[in-house]
Structure formats: C-alpha cells, structure tokens
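Descriptive analysis of the structure
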Amino acid sequence: MSSMAVRSGLSFPDYAVVALYALGMIWIGWYFSRRQKNLDEYFVAGRGINWLIVGISLFATLISTISYLTTPGEIIKNGPGILWSALSPFLAFGIIGWLIIPRIMGKNIMSGYELLDRQFGRGVRSAAAVMFILMRISWIGLIVFTCSIALNSMTGWPLPYLLVGMGLVTTLYTVMGGVRAVIITDVVQAVILFGGAMLVVAFAMVEARSLTGWFPDFGNSAITSALNWRPVKLFPDAGPGFLAERITIITIVVHYIFYYVCICCSDQLLIQRFLTTKDARAARNSFLTNTLAGLALSILLALTGFALLAVFTRNIGLLPPLAELKPEAGAEILAGVPKGDALAAQIYTLTNAGDKIFPWFIAHLLPAGLSGLLLAALFSAAMSSISSGINSISTVLMVDFKGVFGRNLDEAGQVARARLLGVGVGIVAICVSFVYTFIKGNFMDLAQKSDRFLVAPMAGVFLMAFFMRRTNWQGAWVQIIVTCVTAFLITFHEEIFGNYISFVWIFPFSLAIGLAAGYVVSLLFPPPDGETA
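Each value, and the rule that gives it
- Residues numbered from 1 in each chain as written.
- Predicted model: local features only at pLDDT ≥ 70, side-chain atom pairs only at ≥ 80, totals over all residues.
- Heavy atoms only, no water.
- Axes fitted to C-alpha atoms, helices over the stretch in contact; angles between N-to-C directions.
- Helix = DSSP H or I, 4+ residues; strand = E, 2+ residues; numbered from the N terminus.
- Parallel < 35°, antiparallel > 145°, perpendicular 65-115°, else oblique.
- Contact = heavy atoms within 4.5 Å.
- Buried < 20%, exposed > 50% of the residue type's maximum accessible area, 1.4 Å probe, protein only.
- 1 Å grid on protein atoms, 1.4 Å probe; cavity = no way out; pocket = protein on both sides within 12 Å on 5 of 7 lines; lining within 4 Å.
- Points joined across faces, edges and corners; volume = space filled by probe spheres on them.
- Nonpolar A, V, L, I, M, F, W, Y, C, P; charged D, E, K, R; others polar.
- Patch = residues over 30% accessible without salt bridge, like charges linked within 9 Å, V, L, I, M, F, W, Y side chains within 5 Å.
- Areas by Shrake-Rupley, 256 points an atom, 1.4 Å probe, with all protein chains shown as cover.
- Salt bridge = Lys/Arg side-chain N within 4 Å of Asp/Glu carboxyl O.
- Phe/Tyr/Trp six-rings, centres within 6.5 Å; stacked < 30°, edge-to-face > 60°.
- Lys NZ or Arg CZ within 6 Å of the ring centre and 35° of its normal.

Turning our attention to the packing of helix α10 (residues 268–275) against helix α16 (residues 370–400). The interhelical angle for the contact between α10 and α16, taken along N-to-C directions, is 85 degrees, at an axis separation of 9 Å. Taken together, the axis directions place α10 and α16 in an arrangement best described as roughly perpendicular. Of the residues in α16, those in contact with Q268, L269, Q272 and R273 of α10 are S388, G389, N391, S392, T395 and V396.

See below:
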C-alpha cells in the first residue's frame, strides 16, 4: 500500500492561484484594448511583433489541453513511440519556410483566403473560409470540453458551469485586446505549460528521494510484462492489414509532415501569426521557434508520463479502482482487471484510464498551491488555443465576409463589430462544447475525427493555388469535394464499413486523390485569367 498522502481534492490555495491567473489574463486583455483603433492593429498587431514572441505564441496555441493531457497517458499506455512525430515539423520546415511562407508574406492581406480570389474566384475563397470556420469552431468546442472534463474530475463542479465559465473568460480577454493580447497571454501561458510539466517531474524526484531514481523500473519484468508495450515498427507490415497499423515510425512522421504543411498553408490561425511579423524571414524564424519549443515540451510531457508511471508503480494501491476513476468504462474493460496481482492491476488501471491519470494526480497528490499551478497549466493549454481560434475566426468573418459583417463602417465601427463577432464566436463554441458531451471515445480520437476531413480539402485549394497555376475554379471545386469525401470515408471507415484505417493515411490518400482529380478537371476548362494552357 502507498505511504503517500492522498488529498480529498483541491483546496483554497489552489483556487486562489487559478483565480489570480484568470484575472491576470483579463487584465492583459483590458490593457491592450486601448490600442485597438483599426482592424490592422486588432487582427495583425500592426505587423511588427518580434518573431521570437510570435513563435512562442504559435507554440502555445498548437499545444492544447488535448496534447497536454493525452501525451502522458499515451506514453503510459503505448510507450514513447508517439515522440517520433516530433521530427515532422523539422522535416517539413524547408517546404513551409521557403515555399509556403514567402507566398503568404508577399501580399498585404489580413486573411489567408484572400490569396484564393485571383485564381479561383469568390466562391472558392468563401468555401475555404467556411471550412476553416467549421473546423476551428469544432476544435475550440473540443478544447473547452476537454479542459472542462478534466476540471470536473478534479473539482466536482458541474460540467455545464465549467463549459460556460471556461469559454466566457477566454472570450472576454480575447475580444478586448485583439491579437496582440492573444499573443502576449500565449507567452505567459507557454511559461506555465513548461513549469507545470517540470513540476510533475520534480515531484517524482522528491518522492523517489533521488535525482536519477525517479524513472520507472523497466528492469522489473513484472512491470514491462504488464505494460506490454509493442515496439514501434519502422514500416507497417505488408499485407491487407497494413492500413490498420495505428502507428509506425514512417507513417506517423509522414502524417505529421502532411499535417504541418496543410495547416501552415491554409489555416488562418497560423497564417495570421505569420502576418503579425514584418517579413518572410521573421515568419520563418517564428515557425522554427514554435518547432523547437514543441520538441522540448513533447520530451517534457513524455518525461511526465514516465514520472506518473514511476509514482504509481512504486505506490501500489494509490490509485482508486478503475471503475471509480473511469466510470464510463465498459463492462469488458472493467472485467479485464487482473485478480490477485496488485502491480498488474495498478498498471492495467493506468493504461486504461490514461486521460484521467494526470488530472487525478494533480487534484489528489500534489501539495495545496502546487495543484493550483498545474490547474493553471491546464487552463493555459486551453485558453491559448481558444483565444487564437476566436480571434482568427473573427478575422475571417470581417475580411472574407465583409459585405455581410463589415460594410459601411468606419475604423472604430469595424473594431467594435469585430469584438461583437468575437463574442458571438465564443458563445457558439460553448454551445459546440456541449455537443461533445454526447460523443463517445477518448480525447485523441475526438481530435482526429473533428477536423481532419476539413483540413485536407482546405489545404488542397491552397496547394493548387501555390503550385498548380493551371488549375481553375472548376478543378478547385472538384478537389474540395473529392478530398473531403475521401478524408471523411477514411476518418469514419470503421463506423461505415466495419474495418479500421489508421488516421495516418487521411492526408496522403485524400490529398493525392483530390489534387489529381482537381487537376484533371481543370484541363477540361479554360485556364484562369493570366495563365496559359
């Protein structure tokens, strides 16, 4: 049995830390609200923010609560194989830095979808903007839901109150201070994210009374046998089942190369970050900063997973039973808990409740006050992503649908309208977060299913505009439809056809099929204006 003290839950010092954090974020929004005189300042911060700050902001935005919670659990359940994905942005850097970013920074724009107008026309531009809005609204709602679920398990507060509170606080400072406030709060939140993960590792060192002995005892065959981590293969096995291989080194690396290229060329959230810098070189440096920071945090979150594993395998019986920790677990999973082997039962609980382990550890094992710091880290991971999403969606609504939302307004009126739209986006995102309460599956599955079949066709339009100048609006529409349908069928293949296809194939297959179809159809019609056959 464990000799560690288990707290009943969070206490006043923890809530005080979180309250101070939330008030600090709102103060930053209020402080920068006084600078918001026109849309150029509100949406792209005058295009003069230091690339290092923008890179840290970009990093904080892309590391959401989903990543913060699921990475330690993924490490515990499946081992460190997921870390191979950290190579992807470095391998994609040449494409993003020298082929994509210059094409974005070479134009005086506020929305990336303005780049589609000349070659494909207003209809395709609007379609890409709508896909972005749907994708990011879904993403924001998922992040609000994910963080609120974790807070619910830690505090016992009703989930609806948490969903509304999380969304409203973030919306408030975002709409007041514009993108400048979003970027500065992101930097603060990035520091908290690193500090929270480092705190878990430090706790494991103190608990083990050693700077080196805190690591899990993988020399213990009972532990390795119970974990049963499968080695990550370099390539999927040949044969009819290769599409169902969840992760291999090559497939996960290739998947995330596609992912980073896709979001960097088509996602307003990232494009807008690039546009806040002064030129292509600064934007390139900001992406490299994001990549380095992301690698550092990935390693730190992996160490967090190892630290949690070490703490719980050294303190048998510390965790509550699986049925209590994860009440939604099915009867088959609960029946699989090993009998008569306390260590194996503990590890079974760890591997089957991965999303619940980190929040429970924060609420019940860390000392008062320190739990509040980790709670603030969860808030930080969520808020940095939510605020960026709200601001970028507001930008698209004001710029790409100006005739609907921004017509006949002076500069002050445009900023006021942008703030009003931000409030509306925040409210819609909160409503979407309630929808996720009815969807089954772990957080990583939800993340994959919520946006991949929209990112691929959206990126395909930009790839055509950047690198396939012969393509026209007819081919662009065919690409959108074919890529979207293909990505959807791969994403939900198990639900539709009964057999699983790994998410790593969504981008390669859907983009290859969609781009080929779009190019062929384009050849059947006249080239766009200014191009020759």
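The next point concerns helix α15 (residues 354–364). Along an α-helix, residues three or four apart share an orientation, since each turn contains 3.6 residues. Of all eleven residues making up α15, eleven are buried, and the element is well covered by its neighbours. Buried within α15 we find G354, D355, K356, I357, F358, P359, W360, F361, I362, A363 and H364.

Along the chain, L142 turns up in helix α6 (residues 117–155). Considering only alpha carbons, one finds L142 and I430, 288 residues apart in sequence, at a separation of 9.3 Å.

Moving on, we come to empty space enclosed by the protein. Taking a probe equal in size to a water molecule and rolling it over the atoms shows the remaining empty space. Enumeration according to the criterion identifies one cavity of 30 Å³ or more in this entry. For the largest cavity, the calculated volume is near 770 Å³. Every residue lining the largest cavity is counted, 31 residues in all, and those nearest its centre are L62, I63, S67, Y256 and Y260. Within the residue set of the lining of the largest cavity, elements represented by two or more residues are α3 (51–62), α4 (65–78), α6, α9 (249–266), α11 (280–314) and α19 (443–467). Tallying contributions element by element places α11 first for the lining of the largest cavity, with seven residues. Broken down by class, the residue content of the lining of the largest cavity amounts to 18 nonpolar, ten polar and three charged.

Our next topic: a nonpolar patch on the surface. Judged by side-chain polarity, I481, V485, F488, L489, I496 and F497 come together as a nonpolar surface patch covering roughly 530 Å² of accessible area. Secondary structure elements with two or more residues in the nonpolar patch: α20 (473–491) and α21 (493–497). The leading source of residues in the nonpolar patch is α20, at four residues. Its location among the elements puts I481 in helix α20.

One pass over the full model with this rule turns up nine salt bridges. Note that R180 is salt-bridged to E41, the shortest N-O span being 2.7 Å. On the criterion of sequence distance, the pair formed by R180 in helix α7 (residues 159–208) and E41 in helix α2 (residues 39–44) is long-range, its members being 139 residues apart. Neither R180 nor E41 differs from the other in exposure class; each is buried.

Let us look at the packing of aromatic side chains. Tallied over the full model, the rule gives 29 aromatic pairs. When the centroid spacing of 5.9 Å and the interplanar angle of 75 degrees are considered together, the rings of F215 and F218 count as edge-to-face. Classification of F215 as partly exposed rests on a relative accessible area of 31%. For F218, a relative accessible area of 29% corresponds to the partly exposed category. Members of the aromatic cluster, joined through ring pairs, are F93, W98, Y256, Y259, Y260, F287 and F507. Positioned above the aromatic ring of W139 is the side chain of R136, whose terminal nitrogen or guanidinium carbon lies 4.0 Å from the ring centre.

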